[in-house]
Amino acid sequence: MTIAAHRAALVHFVADPSVVGDEACEYFEDGLLVVEKGRVVAAGTAEKLLPQFPDVPLSEYANSLIAPGFVNTHIHFPQTDVVAAYGADLLEWLEKHTFPAEECFADVGYAEEAAAFFLDSLMAAGTTTALVFATVHRQSAEAFFAEAASRNLRMLAGKVLMDRNAPPALLDDADSAYTDSRALIEKWHGHKRLGYAVTPRFAPTSSSAQLAAAGKLLRECSDLHLHTHLSENRREIEWVKALFPDAAHYLDVYDRHGLLRRRSVFAHGVHLTDGEWRRLAETESSLAHCPMSNAFWAAAYLILVNQKNAACA
């Protein structure tokens, strides 16, 4: 049959907790979830709903909780093999681990296998929606979108834009960044449950011309997302100041190129000024909080400090 009922403790959200508070969440200690043709048709107490679906096949799960799929608002599918690889700080980690790993995604077969493993891992953890970095290679985004489409997942992703300050094998340019992204948008944005995110890696790896190309893409298609990094590391912030001396602060680099808007998501935002907080609010831009990454870099920093202190003792 195309309809089935599932009985267990049940929790779901009916509104935005930041707006309505605790009333946003509904919890049923003895709940029932009824699904027909892959869509939820009823959710509530088993006592109320069971009489309404007397002939529906029923599965019961003791000591279990049924919840909606999790949403990950910032993740890199090409970094699966280098998670927790040690680096003294962000920039060293990129050079030693991340960039070499991403060069492998020039190979289509490798990208396809990595996309399948990545999505298997997300689903095993209960994550059914994510905002995802690919690599600079167009084929890495193609592989990811194709695999996500085959599973009918809700995924947002984009080809990374980098035209400087990275290994030559990982560089595009402003023109190819635009044309490759545009082709991917036309093919995948709105296909099944997929969406496209314009994805400059972060300000240091994109020239002003490339950031302007990203802004052009956003103006041409109003329902795209923007996905990049912001103020994850103090040395990174100083680098941005040196590369963009006319900008008021890190966020202003993106702002000057038209990248702040309601669908813009900036990962991390650990070290923000009051002016940056205000501008994020004014433009309805969002931050993706990344506690695992933030904790990892804090730990790496403490290890490095302790090593220096031990050397000086």
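Here, the structure is the one placed above.
Residues numbered from 1 in each chain as written. Predicted model: local features only at pLDDT ≥ 70, side-chain atom pairs only at ≥ 80, totals over all residues. Heavy atoms only, no water.

**Regarding the overall build of the protein**
Okay, so step 1: Secondary structure summary: the protein contains 11 helices and 12 strands in total.
Okay, so step 2: Out of the 313 residues in the protein, the part that is buried amounts to 47%.
Okay, so step 3: In the protein, 71% of the contacts between residues at least 6 apart in sequence involve partners at least 24 apart.
Okay, so step 4: If you sum the accessible surface of the protein, you get close to 15700 Å²; carbon and sulfur atoms cover 54% of it. (Helix = DSSP H or I, 4+ residues; strand = E, 2+ residues; numbered from the N terminus. Buried < 20%, exposed > 50% of the residue type's maximum accessible area, 1.4 Å probe, protein only. Contact = heavy atoms within 4.5 Å. Areas by Shrake-Rupley, 256 points an atom, 1.4 Å probe, with all protein chains shown as cover.)

**Quick look at the packing of helix α5 (residues 138–150) against helix α6 (residues 174–188)**
In a pair of packed helices, the angle between the axes and the distance between the axes together describe the arrangement.
Okay, so step 1: At a minimum axis distance of 11 Å, the contact between α5 and α6 shows a crossing angle of 10 degrees. The orientation of α5 relative to α6 falls into the category roughly parallel. Contact with α5, carried on its side by Arg-138, Ala-141, Glu-142, Phe-145, Ala-146 and Ala-149, involves Asp-180, Ala-183, Leu-184, Lys-187 and Trp-188 of α6 and no other residues of that element.
Okay, so step 2: The residue inventory of the contact of α5 with α6, partitioned by class, reads 7 nonpolar, no polar and 4 charged. (Axes fitted to C-alpha atoms, helices over the stretch in contact; angles between N-to-C directions. Parallel < 35°, antiparallel > 145°, perpendicular 65-115°, else oblique. Nonpolar A, V, L, I, M, F, W, Y, C, P; charged D, E, K, R; others polar.)

**A short note on the packing of helix α4 (residues 108–124) against α5**
Okay, so step 1: Contact geometry for α4 and α5: axes closest at 8 Å, N-to-C directions at 40 degrees. When the axes of α4 and α5 are compared, the pair comes out oblique. At the point where α4 passes α5, the crossing takes the right-handed sense. In contact with Val-108, Ala-111, Glu-112, Ala-115, Ala-116, Phe-118 and Leu-119 of α4, α5 contributes Gln-139, Ser-140, Ala-143, Phe-144, Glu-147 and Ala-148.
Okay, so step 2: Taken together, the residues of the contact of α4 with α5 break down into 9 nonpolar, 2 polar and 2 charged. (Left-handed = near helix turned anticlockwise from the far one by under 90°.)

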